Amino acid sequence: MADQDQDLADVAPYDPGDGSLPVFRWKQAGPGLATRRQLRKMGLRPGGQEPVARIECRGGKRWAWLYRIDLAKPKFAMTLAKEAALDAAMAARQTCGICRRRYFHCLPLKTLGSCLECFDGTPADPASYIAPPAKHLLAA
Ligand SMILES: [Zn+2]
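Because the structure is a prediction, the values reported are computed rather than measured.

*Asks:* What's the story with the environment of D125 in this structure? I'm lost.
*Replies:* Here D125 is to be found in the loop between α4 (116–120) and β8 (129–130). Considering only alpha carbons, one finds D125 and Y103, 22 residues apart in sequence, at a separation of 9.7 Å. Polar side-chain contacts of D125 include one of 2.9 Å to the backbone nitrogen of A127.

Right, dumping it as C-alpha cells:
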C-alpha cells in the first residue's frame with residue numbers, strides 16, 4: 001500500500017483523495033473496465049459515472065481513469081435520448097391541447113389549456129408553430 005500512497009501523492013491534483021480506488025497496472029485492468037479513450041473507441045462515454053479505478057504504468061507516471069463499460073452510455077444515442085427528453089418536456093408546454101399544433105413559445109396552458117387561436121380565435125402566425133405531428137422533427 002505504500003506504493004499506492006506514493007502514487008496517489010504524485011497525482012494528487014486529479015485524485016479524489018480518498019485513496020479508495022483500486023489501481024491497476026497497465027493491461028491488468030479487469031474485464032468490463034475501460035479508459036475514457038477506450039470507451040470512445042467503442043462509441044461510448046462515461047455518462048456521468050465516477051471512475052471506479054485507475055490504471056497506470058511506469059510507476060504511476062502515466063495513468064488514466066477506468067470506467068465501467070456497463071455503466072457507460074452510447075455517445076450519440078444518449079445525446080439524442082437527452083434531447084428527446086428535453087424536447088418532450090418542452091413539447092408539453094408548447095403544444096396546444098386542442099389543435100395539437102406545437103408552438104415555438106410556451107402556451108398559457110395552465111390558464112387557457114390551448115393556444116390563443118383555439119381559445120378566442122386569435123389567428124396564430126403560421127411561422128409560430130409546427131403542424132402536428134411534431135415528433136418527426138427529431139427523427140430528421
Ligand atoms: Zn390550438
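*Asks:* Please clarify how unusual backbone geometry should be interpreted in this entry.
*Replies:* Most peptide bonds take the trans configuration, and most residues that are not glycine carry a negative phi. One non-glycine residue, R100, adopts positive backbone phi at about 65°. Among the structural elements, R100 can be located in the loop between α3 (75–94) and β7 (102–103).

*Asks:* It is not clear to me how the packing of aromatic side chains should be interpreted in this structure. Could you clarify?
*Replies:* The tally for this structure, following the rule as stated, stands at two aromatic pairs. Measuring from centroid to centroid gives 4.9 Å for W63 and W65, while their planes differ by 80°, and the two rings are edge-to-face. Look at W63 and you get partly exposed, because its relative accessible area is 22%. The exposure class assigned to W65 is buried, which follows from its relative accessible area of 18%. A cation over a ring is seen here: R54 above W63, with NZ or CZ 5.2 Å from the ring centre. Across the ring face of Y129, the terminal group of R101 is positioned such that the distance to the ring centre comes to 4.2 Å.

*Asks:* Would you explain the sheet that holds strand β2 (residues 33–35) in this entry?
*Replies:* Two pairing modes exist for strands in a sheet, parallel and antiparallel, and in both the strands are linked by backbone hydrogen bonds. On the basis of which strands lie adjacent, the open sheet formed by four strands has the order β1-β4-β5-β2 and mixed pairing. Here the strands that pair on one side only, and so sit at the sheet edges, are β1 (23–25) and β2. In this sheet, adjacent strand axes meet at a mean angle of 35° when their direction is disregarded. As paired elements, strand β4 (residues 53–57) and strand β5 (residues 62–68) share five bridges and run antiparallel to each other. Looking at the pairing, E56 lines up with W63 of β5.

*Asks:* I keep staring at the coordination of the zinc ion and nothing clicks. Help me out?
*Replies:* In an ideal octahedron of six donors the angles at the metal are 90 or 180 degrees, and in an ideal tetrahedron of four donors they are 109.5 degrees. The coordination sphere of the zinc ion contains the protein donors C96 (SG), C99 (SG), C115 (SG) and C118 (SG), at a distance range of 2.2 to 2.3 Å. Note that the zinc ion binds four donor atoms; their angles at the metal cover 101 to 118°, and the shape is tetrahedral. Expressed as a motif, the donor residue spacing for the zinc ion is C-x2-C-x15-C-x2-C. Linking C96 in the loop between α3 and β7 with C118 in helix α4, this pair joins segments that are 22 residues apart in sequence. Assessed through its relative accessible area of 0%, C96 is described here as buried.

*Asks:* Which parts of the structure should I look at to understand the nonpolar core?
*Replies:* Generally speaking, nonpolar side chains in soluble globular proteins are found buried as a group. Judged by nonpolar contacts, L21, A34, L39, L44, W65, Y67 and A72 together constitute the single largest core of seven residues. Filtering out sequence-adjacent residues up to four positions away, L44 remains in contact with L39, I69, A72, K73, P74 and K75. Grouped together as the second largest cluster of nonpolar side chains are six residues, C96, L107, C115 and A124 included.

*Asks:* I tried to follow the layout of surface pockets on my own but got confused; where do I start?
*Replies:* Gaps left between atoms show up when a probe the size of a water molecule is rolled over them. Empty space within the largest pocket amounts to approximately 430 Å³. Lining the largest pocket are 17 residues, with W26, T35, R37, W63 and A64 positioned closest to its centre. If one sorts the elements of the lining of the largest pocket by residue count, β5 sits on top with six residues. Of the residues that constitute the lining of the largest pocket, the class distribution is nine nonpolar, two polar and six charged.

Reading guide: rules and limits
- Residues numbered from 1 in each chain as written.
- Predicted model: local features only at pLDDT ≥ 70, side-chain atom pairs only at ≥ 80, totals over all residues.
- Heavy atoms only, no water.
- Helix = DSSP H or I, 4+ residues; strand = E, 2+ residues; numbered from the N terminus.
- Polar contact = N/O pair within 3.5 Å; in protein donor to acceptor, adjacent residues only side chain to side chain.
- Phe/Tyr/Trp six-rings, centres within 6.5 Å; stacked < 30°, edge-to-face > 60°.
- Buried < 20%, exposed > 50% of the residue type's maximum accessible area, 1.4 Å probe, protein only.
- Lys NZ or Arg CZ within 6 Å of the ring centre and 35° of its normal.
- Pairing = 2+ DSSP bridges.
- Axes fitted to C-alpha atoms, helices over the stretch in contact; angles between N-to-C directions.
- Donors = N, O, S within 2.8 Å, 3.2 Å for Na, K, Ca; no water.
- Tetrahedral: all angles 85-135°; square planar, octahedral: opposite > 155°, others 65-115°.
- Core = buried A, V, L, I, M, F, W, Y, C linked by side-chain atoms within 4.5 Å.
- Contact = heavy atoms within 4.5 Å.
- 1 Å grid on protein atoms, 1.4 Å probe; cavity = no way out; pocket = protein on both sides within 12 Å on 5 of 7 lines; lining within 4 Å.
- Points joined across faces, edges and corners; volume = space filled by probe spheres on them.
- Nonpolar A, V, L, I, M, F, W, Y, C, P; charged D, E, K, R; others polar.

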